[in-house]
Amino acid sequence: MERMNRTVSRLALAAGLVFGAAAAHAATPADLATKAGCAVCHQPAAKGLGPSYQEIAKKYKGQAGAPATMAERVRKGSVGVFGKVPMTPTPPARISDADLKTVIDWILKTP
């Protein structure tokens, strides 16, 4: 019985280490954008249904209020900013405010 308890304890420890390591691996901004559905319309360098991340970064470069403006457009949706195709709203259920900030900061740093 004691041997079985040690075996179970070791297995639990090993599982904890594996799952703990996986949880410690933070998602990249690109992963967050993909998970939120941004990649359906936006690509890093190429125009798709929406502008590329590079085009977005270029448009907002040097604008002090850019992160807030971008976050509002993501949350509420927009039309006419990059063309006629509307961007649908993206609710917090799809991407948290913190993750959205991470993605926006990443886009703004896109060369």
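Each residue is numbered by its place in its chain's sequence as written, counting from 1. Local features in a predicted model are, by the rule used here, given only for residues with pLDDT of at least 70; side-chain atom pairs are given and counted only at 80 or more, and totals for whole chains, interfaces and linings are based on all residues. Excluded from the side-chain calculations are hydrogens and water; all other atoms, namely the structure's heavy atoms, are used.

Engineer: Describe the UniProt feature "binding site: heme c" (unreviewed entry) in the protein chain, naming the residues involved and giving the relevant values.
Structural biologist: UniProt positions are given in the numbering used here, feature names are shortened, and annotations may be inferred rather than shown by experiment. Within this structure's numbering, the places UniProt gives as "binding site: heme c" (unreviewed entry) are C38, H42 and M87. Maximum C-alpha separation among the annotated residues is 10.6 Å over a sequence range of 50 residues, consistent with a single clustered spot. Residues that both appear in the annotated list above and line the largest pocket are C38, H42 and M87. Relative to the assigned elements, C38 resides in the loop between α2 (29-36) and α3 (53-60). The cut-offs for exposure are 20% and 50% of the maximum accessible area for each residue type, with area from a 1.4 Å probe on protein chains only; residues under the lower value are buried, those over the upper are exposed, and the others partly exposed. Exposure remark for C38: the relative accessible area of 21% places this residue in the partly exposed category. A cavity here means a set of 1 Å grid points, computed over protein atoms only, where a 1.4 Å probe fits but cannot escape. A pocket is an open set with protein on both sides within 12 Å along at least 5 of 7 lines, and lining residues have an atom within 4 Å of a point. Helix and strand labels come from DSSP, where a helix needs a run of H or I of at least four residues and a strand needs a run of E of at least two; each type is numbered from the N terminus.

Engineer: Got a sec to walk through the packing of helix α4 (residues 66-76) against helix α5 (residues 97-108)? Specific residues and values, please.
Structural biologist: Lines fitted to C-alpha atoms define the axes, with helix axes restricted to the stretch in contact, and inter-axis angles between N-to-C directions lie between 0 and 180 degrees. Where α4 contacts α5, the two axes come as close as 10 Å, and the packing angle between them is 125°. Compared by their axis directions, α4 and α5 come out oblique. Once α4 is placed against α5, the crossing between them reads as right-handed. Across the interface between the two elements, A66, P67, M70, A71, V74 and R75 from α4 touch D97, L100, I104, I107 and L108 from α5. Of the residues contributing to the contact of α4 with α5, the split by class is nine nonpolar, no polar and two charged. Angle categories are assigned with fixed cut-offs, so that under 35 degrees is roughly parallel, over 145 is roughly antiparallel, 65 to 115 is roughly perpendicular, and the rest are oblique. Two helices that cross are described as forming a left-handed crossing if the nearer one is turned anticlockwise from the farther one by less than a right angle, and a right-handed crossing if clockwise. Note on contacts: a residue pair qualifies if any of its non-hydrogen atoms lie within 4.5 Å across the two residues. Any residue outside Ala, Val, Leu, Ile, Met, Phe, Trp, Tyr, Cys, Pro, Asp, Glu, Lys and Arg is labelled polar, Gly included; the first ten of those are nonpolar and the last four are charged.

Engineer: Which residues make up the layout of surface pockets, and what are the values?
Structural biologist: Grid points are joined across faces, edges and corners, and a volume is the space filled by probe spheres set on the points. Size it by volume and the largest pocket reaches roughly 630 Å³. Lining the largest pocket are 34 residues, with C41, H42, P51, I56 and M87 positioned closest to its centre. Contributions of two or more residues to the lining of the largest pocket are made by α2, α3, α4 and α5. Class assignment for the residues of the lining of the largest pocket results in 22 nonpolar, eight polar and four charged.

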